[in-house]
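Single-letter residue listing:
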Amino acid sequence: MNERPMTSAPVETDDELLLRMQSGDEEAFLTLYRRRQAGLFRFALHMSGSMPVAEDVTQEVFLALLREDCGYAPDRGTLSGYLFGIARKLVLRHLDRGRLDVVLDTDSDDFAQPELAVLDDPLLDLTRREGIDALRRAVQALPRRYREVVVLCDLEEVDYADAAVALGCPIGTVRSRLHRARGLLLEKLHQERNPRQALGTLKPVRCV
Amino acid sequence: MNCQEFWNTIPELGDCESSRHLLECPACAARMSRHRELEAGFRAVAAGFRRVEAPPRVEARLRSAFRRQTGSESRAPSRRWIPVVTWAAAFAAMFALAAFLVRDRQPEAARPPVQRTIELAMLQPQADYDGFIPLPNSAGVAADDAADGDDVNLVRVEVPRSAMIALGLDVSADREEELVEADILLGSNGIARAVRFLD
């Protein structure tokens, strides 16, 4: 995660905040929540395509952290990776329950279209926006195992070690899945840009 | 380094900037260019979602949950006394009930049985012997009582008048069913020694 503090004052680590939180310090809990909630929410949103699911998942992640037997062990990875791991399990549970493998519902009332980067050239903006939308659709069309690694490492910029903790796999697996996912995305985007070329790759064997 | 080795050794997109292979291989250079475009696209998507975060109501709910939890934790030490207090109260109630029952039963147990027709009294032996009719076994009984210290009891009873007939007194036959009060002189061994009719 790249959410850096704005001041130069020494900032408490996640683990220090967790310790204070567990001793009943509400401010530490809220600081930890505010530091980590956005990334977790976006991860759940990218994975599920649903704002209510993302909201539920974010809340459940921190409720799990409130439990005494939350299962976090600092020697097994960072708290951030641990929280993403919980979020991932909850999202997959939602997906399995409701089969929510759908495109992000940007037309729903509770979804505020994110503001894209400011660009001076409207034509370039339009082109860029279309490209971004195409990429977002392509990410959501990925199989889950590739989608989750792209969302974690490429969109949320979680480092490989934390991603490995979250996904429960070795770092090498993270790398290989990421490589494969990027290849799939490039192929998908290339097909969207060149539909005729993509169709040309199909070789009919027999007409029926 | 061939193409396969090149792609196997790049852990991240930025690490290949200085790679000599890209200068030598146009195919890999084109592929790398597409990867850089993809990386730029990821950054753009991430930037578009940068302000997306959980609604404030989530924080409010979690704050409430945290306060409930910490509140319950602060009450936890007092909860440890709940079983102790409960058992103490139970024992106190049992003790009070037992004391109440014992107190109520003791006088009842000590209370003499109610006898409608009999009054038991200690008799001064020499004082009230007048009017008594010695029963047939009174001589033997008197000898036994003398050995025991001559301690006698007087018991007042109601008996049918027919009992007077048995002792040789004159009683009308039509009144033999009536009850009449009598004192019976009992020896210390509980055997009757004499009787006195009060009517």
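Please refer to the structure higher up on the page.
Residues numbered from 1 in each chain as written. Chains lettered and ligands numbered in written order. Predicted model: local features only at pLDDT ≥ 70, side-chain atom pairs only at ≥ 80, totals over all residues.

Participant: Even after reading the chapter, I still don't get the overall build of chain B, so can you show me in this structure?
Facilitator: The number of helices and strands found in chain B is seven helices and five strands. Counting from the amino terminus, helix and strand elements in chain B follow one another as α-α-α-α-α-β-β-α-β-α-β-β. Counting every position in chain B, which comprises 199 residues, the buried fraction comes to 11%. Relative to all contacts within chain B whose residues are 6 or more apart in sequence, the contacts with residues 24 or more apart total 53%. (Helix = DSSP H or I, 4+ residues; strand = E, 2+ residues; numbered from the N terminus. Buried ≥ 20, exposed ≤ 12 C-beta atoms within 10 Å, placed from the backbone. Contact = placed C-beta atoms within 7 Å.)

Participant: Explain the interface of chain B and chain A to me, please; I cannot follow it from the model alone.
Facilitator: You'll often see interface size given as the accessible area lost when the parts meet. Listed per partner, the contact involves 28 residues of chain B and 31 residues of chain A. Those elements that provide at least two residues to the side of chain B that touches chain A are α3 (26–48) and α4 (56–79) of chain B. Among the elements that make up the side of chain B that touches chain A, the one with the highest residue count is α4 of chain B (11 residues). When its residues are assigned to classes, the side of chain B that touches chain A shows 15 nonpolar, five polar and eight charged. (Nonpolar A, V, L, I, M, F, W, Y, C, P; charged D, E, K, R; others polar.)

Participant: When you look at the nonpolar core in this model, what are you seeing that I'm missing?
Facilitator: What tends to happen in soluble globular proteins is that the nonpolar side chains get buried as a cluster. One finds Ala44, Val61, Ala87, Val149, Val150, Leu152 and Ala163 of chain A to be the most contacted residues of the largest nonpolar core, which totals 55 residues. Among the elements that make up this core, the one with the highest residue count is helix α2 (residues 26–48) of chain A (nine residues). Apart from the residues within four sequence positions on either side, Ala87 of chain A is in contact with Leu40, Phe43, Ala44, Val57 and Val61 of chain A. Membership of the second largest hydrophobic core comes to six residues, among which are Leu154, Leu186, Ala194 and Val195 of chain B. (Core = buried A, V, L, I, M, F, W, Y, C linked by C-beta atoms within 7 Å.)

Participant: Hey, could you run me through the environment of Ala163 of chain B in this one?
Facilitator: All names here are of chain B. By the secondary structure assignment, Ala163 is in helix α7 (residues 162–166). Residue Ala163 is classed as partly exposed on the basis of its 17 C-beta neighbours within 10 Å. Ala163 sits 14 residues away from Glu177 along the chain, and the two C-alpha atoms are 9.8 Å apart.

As far as function goes, none of this settles anything; it's purely spatial.
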